[in-house]
Amino acid sequence: MKIALLGYGKMGQIIERFALERGHEIVLKVTIDNQEDLTESNLRKADVAIDFSAPDAALGNIYACFDANLPVVVGTTGWYGQLQEVKNECLVSNNALLYGSNFSIGVNLFFHMNKLLAKLMNDYPAYEVQVEEIHHIQKLDSPSGTAMTIAEDIIANLDRKSEWVNELTGTPFDDVLKKEQLLIESHRIDSVPGTHTVVYSSEVDEIEFKHTAHSRSGFALGAIIAAEWLEKRQGFYNITDIFNFK
Ligand SMILES: NC(=O)c1ccc[n+]([C@@H]2O[C@H](COP(=O)([O-])OP(=O)(O)OC[C@H]3O[C@@H](n4cnc5c(N)ncnc54)[C@H](O)[C@@H]3O)[C@@H](O)[C@H]2O)c1
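Quick caveat: nothing in here was measured; it's all calculated off a predicted structure.

Let's shift gears to the domain arrangement of the protein. Frequently, the measure chosen for interface size is the accessible area that the parts lose on association. Here the domain parsing of the protein yields domain 1 (2–102 + 217–241) and domain 2 (105–212). Its C-alpha centre places domain 1 at a distance of 27 Å from the equivalent point of domain 2. Contacts between the two partners involve 10 residues from domain 1, matched on the other side by 12 residues from domain 2. The tally of links between domain 1 and domain 2 comes to 0 salt bridges. Taken together, the residues of the side of domain 1 that touches domain 2 break down into 4 nonpolar, 5 polar and 1 charged.

So, on to the side chain of His24. You can see His24 is positioned in the loop between helix H1 (10–21) and strand E2 (25–30). When its relative accessible area of 12% is taken as the criterion, His24 is described as buried. Reaching out from His24, the side chain makes a polar contact with the side chain of Glu228 at a distance of 2.7 Å. Here His24 is in contact with Met1, Ile3, Ala19, Ile224 and Glu228, once residues within four sequence places are set aside.

Taking 1.5 Å of rise per residue, 12 residues should cover 16 Å, and H1 covers 18 Å from first to last C-alpha, within 8% of that figure. For H1, the complete set of buried residues consists of Met11, Gly12, Ile14, Ile15, Glu16, Phe18 and Ala19. Those residues of H1 that are buried lie in contact with strand E1 (2–6), E2, strand E3 (48–51) and helix H7 (217–230). Residue Gly23 follows H1 closely and has a positive phi angle near 85°.

As a further point, take the nonpolar core. Ile3, Ile15, Ile50, Leu98 and Phe103 are the most contacted members of the largest nonpolar core, which has 28 residues in total. Put simply, the parts of the chain that give this core at least two residues each are E1, H1, E3, strand E5 (96–99) and H7. At 8 residues, H7 tops the list of elements feeding residues into this core. If we skip the residues at most four places from it in the chain, Leu98 touches Val72, Val73, Val74, Phe103, Ala226, Trp229, Leu230, Tyr237, Asn238, Ile239 and Ile242. Core analysis: the next-biggest nonpolar cluster, separate from the first, contains 24 residues, Leu6, Tyr80, Cys90 and Phe236 among them.

Our focus in this paragraph is the site of the ligand. Surveying the vicinity of the ligand reveals 22 residues, the closest of which are Tyr8, Lys10, Met11, Phe103 and Lys139. Between the ligand and Gly100 there is a distance of 3.0 Å, counted from a nitrogen atom to a backbone nitrogen or oxygen. Between the ligand and Ser101 there is a distance of 3.2 Å, counted from a nitrogen atom to a backbone nitrogen or oxygen. In terms of residue class, the shell around the ligand is built from 9 nonpolar, 11 polar and 2 charged.

Mapped onto the elements, Gly222 comes out in helix H7. Counting along the chain gives 39 residues from Gly222 to Leu183, while the straight-line C-alpha distance between them is 28 Å.

Taken together, Ile105, Leu109, Met113 and Phe245 make up a surface patch of nonpolar side chains, about 330 Å² in accessible area. Mapping Leu109 onto the fold places it in helix H5 (residues 105–120). For Leu109, a relative accessible area of 37% gives the class partly exposed.

What counts and what doesn't
- Going along each chain's sequence as written, the residues are numbered from 1 onward.
- Local features in this predicted model are restricted to residues of pLDDT 70 or higher, and side-chain atom pairs are both shown and tallied only at a pLDDT of 80 or more, whereas totals for entire chains, interfaces and linings draw on every residue.
- Only hydrogens and water are set aside when side-chain values are computed; all heavy atoms of the structure are taken into account.
- Residue ranges for the domains originate in an automatic or database domain assignment.
- The criterion used for residue contact is that any of the two residues' heavy atoms lie within 4.5 Å.
- Salt-bridge detection follows one rule: a side-chain nitrogen of Lys or Arg within 4 Å of a carboxyl oxygen of Asp or Glu.
- Gly falls in the polar group here, along with every residue not listed as nonpolar (Ala, Val, Leu, Ile, Met, Phe, Trp, Tyr, Cys, Pro) or charged (Asp, Glu, Lys, Arg).
- Runs of H or I in DSSP of at least four residues are treated as helices and runs of E of at least two as strands, each being numbered from the N terminus.
- Think of it in three bands: residues with accessible area under 20% of the maximum for their type are buried, residues over 50% are exposed, and the middle band is partly exposed, with areas taken using a 1.4 Å probe on protein chains only.
- Counting of polar contacts relies on pairs of N or O atoms within 3.5 Å, with two restrictions inside protein: one atom must be capable of donating a hydrogen and the other of accepting it, and residues adjacent in sequence are counted only when both atoms are side-chain atoms.
- By definition here, a helix of n residues has an expected span of 1.5 Å times n minus one.
- Residues belong to a common nonpolar core when they are buried Ala, Val, Leu, Ile, Met, Phe, Trp, Tyr or Cys residues joined through side-chain atoms within 4.5 Å.
- A molecule or strand has a residue near it when one of that residue's heavy atoms lies within 4 Å.
- To count toward a patch, a residue needs a relative accessible area above 30% and no salt bridge. Like charges then connect within 9 Å, nonpolar side chains (Val, Leu, Ile, Met, Phe, Trp, Tyr) within 5 Å.
- Shrake-Rupley sampling with a 1.4 Å probe provides the accessible areas, and residues are treated as covered by the protein chains on show and by no other component.

Shown next, in the form of structure tokens:
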């Protein structure tokens with residue numbers, strides 16, 4: 001498979017390593033310093049694009065791929081406010097896009113178990129729930145896309161929560177939390193690749209459900225598996241469409 005890498009930072013470089021190991025070829029690398037290379041003719045040299053760039057770059061990259069009819073896997077987070085618009089454009093133009101707030105298999109297992117747990121906790125109202133995420137200090141968006149997925153899955157399955165609010169440590173948070181609000185606490189610490197915890201606490205005890213990424217390798221491998229899956233497809237997909245957890 002010939003791959004165009006849109007974004008060649010921490011993730012793009014690991015993806016390149018895994019892609020070469022799996023016998024793929026990198027035919028284009030676009031960073032903030034060579035955006036002029038993001039042309040239709042360059043994109044047409046690839047079978048699939050993988051975007052791990054920046055929240056404000058993702059939309060332009062996605063539409064460039066649509067113009068070149070190139071399937072695109074989008075790992076970049078922080079652009080989901082435009083999700084519906086992108087989905088419509090993808091379907092109208094008969095293109096292919098797969099996105100995911102987290103490409104690691106472990107986190108996708110975690111997502112699945114989080115939904116089951118939230119459903120179960122409907123019967124145990126004594127437990128208050130909260131989501132915590134820790135990422136490296138260079139991370140641009142807050143809360144993490146992964147934490148948003150976790151929170152939205154809790155809200156969809158736990159009747160006593162209807163919206164999430166975010167508190168980034170170090171920034172003022174004056175709101176008083178309402179009963180129906182789910183708090184996502186974001187922490188930015190050194191070089192942490194990504195830790196997510198769901199905590200259910202009652203007066204008598206606490207249940208912690210936690211995923212810790214040891215490195216970025218799980219995200220990178222998942223992104224290549226997603227690209228292999230998407231290459232011959234059309235349509236708008238989420239990473240969860242690849243997995244078939246019962
Ligand atoms: N979905 C997942 O599993 C997952 C996992 C890790 C990171 N991410 C997300 O992926 C994105 C990239 O993460 P990273 O750690 O590699 O970041 P990074 O800062 O190390 O690299 C970003 C890359 O994007 C490039 N870039 C920035 N603006 C650009 C533009 N306008 N046009 C083209 N390229 C541009 C930079 O030059 C750089 O090469 C972030 O949004 C991050 O949250 C997602």
